[in-house]
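Summary of the model geometry
The chain contents come next:
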Amino acid sequence: MSVPLTAPSTATAVTNSEGPLKVPAFKHPLDPLTPEEIVAVSHSIRRYVAEKTDVKAVRFITSSLLPPPKQAVLAYLGIPLLSGEKPEPATPIVRKAEVDVTDRTISAAYNSIVTLHGQDWVVDVVDKLPEGVQPQISVEELLLCEEIIRADERVIKLAADVGVKPEQLHADGWAIGYDSRFPENKRIQQALMFARWGRHENLYAHPLDFVPVVDSIAKKVIHIDFPPSAKPKGEGAGATVESTAPTTKPPPLEEDSFKAVNRKREPPPRESHDFLPDLLSQKEGFKFREDLKPLHVVQPEGVSFKMDGHVLEWQKWKMHIAFHHREGIALSTITYNDDGTVRPIFYRLSLAEMVVPYGAPDHPHPRKHAFDVGEYGMGTMANELTLGCDCLGQIHYLPGSYVAHDGSAVVVKNVICIHEEDAGLLWKHTDFRVGGRAQAVRSRRLVVQQICTLANYEYIFNYMFYQDGNIEVEIRLTGILQVYVQGEDEPNSQFGTTLAPGINAHYHQHIFSVRVDPMVDGLRNSVVETDILPLPGAPLGSAANHYGNAFIAQSTPVARASDGARDFDFARDRRWSIMNPKRTHAASKRNAGYSIMGKGAAAPLMALDGSVVAKRAGFAKRSLWVVKDVEGPKGGRMWPSGKYVPQTRDSPEDALPNWATGDDSLLEEDLLVYITMGITHIPRPEDWPVMPVEHLRLVFRPTNFFTANPSMDVPGANDSKSLMAFPEASDAATGAACCEH
């Protein structure tokens, strides 16, 4: 890159010149800012700062579209507020951008709104953020962290003491999480330290035993922490493990942090644990599998979807797909064409937040509870995807861009991939009687995919649409575990797993908050909670339930704001549905809706109530949240842990738990639904050195929404390219009758 540290290896290029503005500026009112627009917005803010403020220079942190009001967007697109009715009259769409900057010399931050007037971006307002409120940590700051520690003499000396040279030092910059010993007004990171013996070797195989804290504005190390070790407690079969430190409480800054942990220095493990093929092939005795035959995804007649800019149409579905620096993929205005009637389903669907709390209590390990959306931005960490590797088949890509410190635009060329997949059987039935016939229909699904690298971890986000009206959000977790050094004679910790000699991975959780802005058959919806119960008041042997087999579905609307925080009840097989009370199914007499099927992805937060994690990530304490949306000059309610997450010390006023209070009605309102899904990861040696993917799935299923199975018109399966694997050894019939249609 021409600008040092401006873009990571996951990005493609940097745009730093203001291009000609296209008129009209957008095809769809939710189109993200183009690279040229990002640069133009930066220029307008820089001029404003120079002419109207005392700030000497700014560092751009975020720059993105400020979405127009919902009803204005729906009117512009001709989507009615209630299915079957006429859309509202269109009003002009005003294109706006929202920008966060920091002062380059002090830890002050500002939020700006910039409006497009003709071909000029004009600054409307610049608000100084309260002291201690920090915008997200930029990619450049994360990269800068490594430069800062390499230049620090104390760090160099500590590394040399355990046999590591300065050029071998590496650091993953992490948000500080929470540490009350440091002032709120400092913009700081913690540096998780590793050594690397070769240019592309797996650095995570060589963790170091100290954690510097860096000031991103002053560009210096301001403190160094030392985690304690584990030691045996007692003897014999009943022996347990305890910490070398007398307490898990952080020592005062003025205290010698190494002496406080009562242990010796631990050198990093020397053995390599590589994952790149050229390095693996150098390992004695290693050999790649040779019995795997090619498998190709071929569509000889092309794809079945159409694209118009950011708007996609496929199999009666229509939606807008955008890149967002924070959410990554943002899907909007999702509709389904039901025999000529355009039926809205979701206004917006995205990942709004996630937290990764670790379970080791010894300081400074509790600071590891990364908010990968709010602290770093899932979009800014997104990969440029590779054809034939990350995505198979015939692929369409969309680009993304975000702002760099200097106001230029970092471009990720192929950041979102769109493709079709075979998804097994959609439905099938065989009449088993003599002479009976059968019909089988295969399922095709559309996949909108993004892959994000958060230091050691990778997250694969798949938004999938099916021909039967289902919508699935699938999250796959892979990458490398976050590890810490384990001494040669140190016993295994009760808070982690020893993966390999000298390498320990702490227990942790990945907890996600999926934000649904529903408009099921219209903008005003209700959420209904349904429990499956044995027939009440009808015991075994009773007149109403003689054989004891009766059960019912008992549904209750989530009616008030204070009732909006809900929990799974596995004993009652609880589930929720987003419904439109104005639309009723002709046969079932029940309201049209979409049910939320996510029981398998439920994971209770392990951190204690009142803990730092529980306060900062309050969304993770409940399985589902229903709140009323409130739109203002800076948009609607968005972020479960608040708009500004880095270094928060409690639940901010604009966090999700504070919206689920009071007596406001949640019936037939413009609602938001936040779904908590997650996994508790107890690492295993098989997760090392790179973790095979873990899967999390959330499904939205039409319920009383369609007259009948909406996929009855999908043609039957009849793939003429399918062959017998061993034709010379098989007498099996092909079953062609099953494919007739």
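Here's what I pulled together on the structure shown here.

Calculation rules
Numbering of residues begins from 1 in every chain and follows the order in which that chain's sequence is written. Given that this is a predicted model, residues contribute local features only at a pLDDT of at least 70 and side-chain atom pairs are listed and counted only at 80 or more, while totals for whole chains, interfaces and linings are drawn from all residues. By convention in this description, side-chain values take in all heavy atoms of the structure and omit both hydrogens and water. In this description a helix means any DSSP run of H or I spanning at least four residues, a strand means any run of E spanning at least two, and both kinds are numbered starting from the N terminus. For a helix, the expected span equals 1.5 Å multiplied by the residue count minus one. Burial here depends on accessible area, computed with a 1.4 Å probe over protein chains only, as a share of the maximum for the residue type. Under 20% is buried, over 50% is exposed, and the range in between is partly exposed. Two strands make a pair as long as DSSP finds a minimum of two bridges between them. Note on geometry: axes are C-alpha line fits, over the in-contact stretch for helices, and angles between N-to-C directions span 0 to 180 degrees. Residues enter a patch when their relative accessible area is above 30% and they make no salt bridge; the linking distance is 9 Å between like charges and 5 Å between nonpolar side chains (Val, Leu, Ile, Met, Phe, Trp, Tyr). Calculation of accessible area relied on Shrake-Rupley with a 1.4 Å probe; when residues are assessed, cover is drawn exclusively from the protein chains displayed. Here, a salt bridge means any side-chain nitrogen of Lys or Arg that lies within 4 Å of a carboxyl oxygen of Asp or Glu. What is meant by a nonpolar core is a set of buried Ala, Val, Leu, Ile, Met, Phe, Trp, Tyr and Cys residues, joined one to another through side-chain atoms within 4.5 Å. Every residue pair with non-hydrogen atoms within 4.5 Å of one another is taken to be in contact. Buried and open spaces are told apart on a 1 Å grid over the protein atoms alone, a cavity being a set of points where a 1.4 Å probe fits but cannot get out and a pocket being an open set with protein on both sides within 12 Å along at least five of seven lines. Residues with an atom within 4 Å of a point are the lining residues. Grid points are joined across faces, edges and corners, and a volume is the space filled by probe spheres set on the points. Each residue is assigned to one class: nonpolar for Ala, Val, Leu, Ile, Met, Phe, Trp, Tyr, Cys and Pro, charged for Asp, Glu, Lys and Arg, and polar for all the others, Gly among them. Disulfides are defined as cysteine sulfur pairs within 2.5 Å.

Some remarks on helix H1 (residues 35-52)
Between its first and last C-alpha, H1 extends 26 Å over 18 residues, near the 26 Å set by a 1.5 Å rise per residue. The complete set of buried residues in H1 reads Pro35, Glu37, Ile38, Val39, Ala40, Val41, Ser42, Ser44, Ile45 and Val49.

Quick look at the sheet that holds strand S7 (residues 188-195)
If you walk across this open sheet you meet the four strands as S6-S7-S8-S9, and the pairing is antiparallel. Lying at the two open borders of the sheet, with one neighbouring strand each, are strand S6 (169-175) and strand S9 (220-225). This sheet shows a mean twist of 35° between the axes of neighbouring strands, independent of strand direction. In this structure, S6 lies alongside S7, joined through seven bridges in antiparallel fashion. Bridged to Ala171 within S7 is Met193.

Thoughts on a nonpolar patch on the surface
Together, Leu295, Val297 and Leu392 give the surface a local cluster of nonpolar side chains, amounting to about 300 Å² of exposed area. Considering the arrangement of structural elements, one finds Leu295 in the loop between helix H5 (277-280) and strand S12 (306-308).

Observations regarding the nonpolar core
Trp317, Leu349, Tyr463, Phe465, Phe512 and Phe700 are the most contacted members of the largest nonpolar core, which totals 94 residues. Among the elements that line this core, the one with the most residues is strand S16 (residues 341-357), at six residues. In contact with Phe465, not counting residues within four places along its chain, are Trp314, Trp317, Met319, Leu331, Ile334, Arg444, Arg445, Leu446, Asn470 and Ile471. In this structure, Ile38, Val39, Ala40 and Leu116 belong to the second largest nonpolar core, which totals 22 residues.

Things to note about empty space enclosed by the protein
Summed over all chains, the structure comprises six cavities of 30 Å³ or more. Within this model, the largest cavity holds a volume of roughly 190 Å³. For the largest cavity, the lining is made up of 18 residues, of which Pro32, Leu65, Ala322, Phe323 and His324 are closest to its centre. Those elements that provide at least two residues to the lining of the largest cavity are strand S2 (58-66), strand S14 (317-324), strand S15 (328-338) and strand S18 (396-403). A total of four residues in the lining of the largest cavity trace back to one element, the largest contributor, which is S14. In terms of residue class, the lining of the largest cavity is made up of 10 nonpolar, seven polar and one charged. In terms of lining residues, the second largest cavity is bounded by 14 residues, among which Leu192, Val211, His365, Gln482 and Tyr484 are the most central. For the lining of the second largest cavity, the secondary structure elements donating two or more residues are S7 and strand S23 (483-485). At three residues, S7 tops the list of elements feeding residues into the lining of the second largest cavity. Considering only residue class, the lining of the second largest cavity consists of 10 nonpolar, three polar and one charged.

Description of the state of the cysteines
With the rule as written, the count across this model stands at one disulfide. Sulfur-sulfur distance for the disulfide between Cys391 and Cys417 comes to 2.2 Å. One quick way to see it: the torsion about the S-S bond of Cys391 and Cys417 is about -95°, and its sign makes the bridge left-handed. Taken together, the positions of Cys391 in the loop between helix H6 (372-376) and S18 and Cys417 in strand S19 (residues 409-430) put the pair 26 residues apart, joining distant regions of the chain. The buried category is assigned to Cys417, whose relative accessible area is 0%. Cysteine Cys452 shares no disulfide, and the gap to the nearest cysteine sulfur, in Cys417, comes to 12 Å. Since its relative accessible area comes to 0%, Cys452 is described here as buried.

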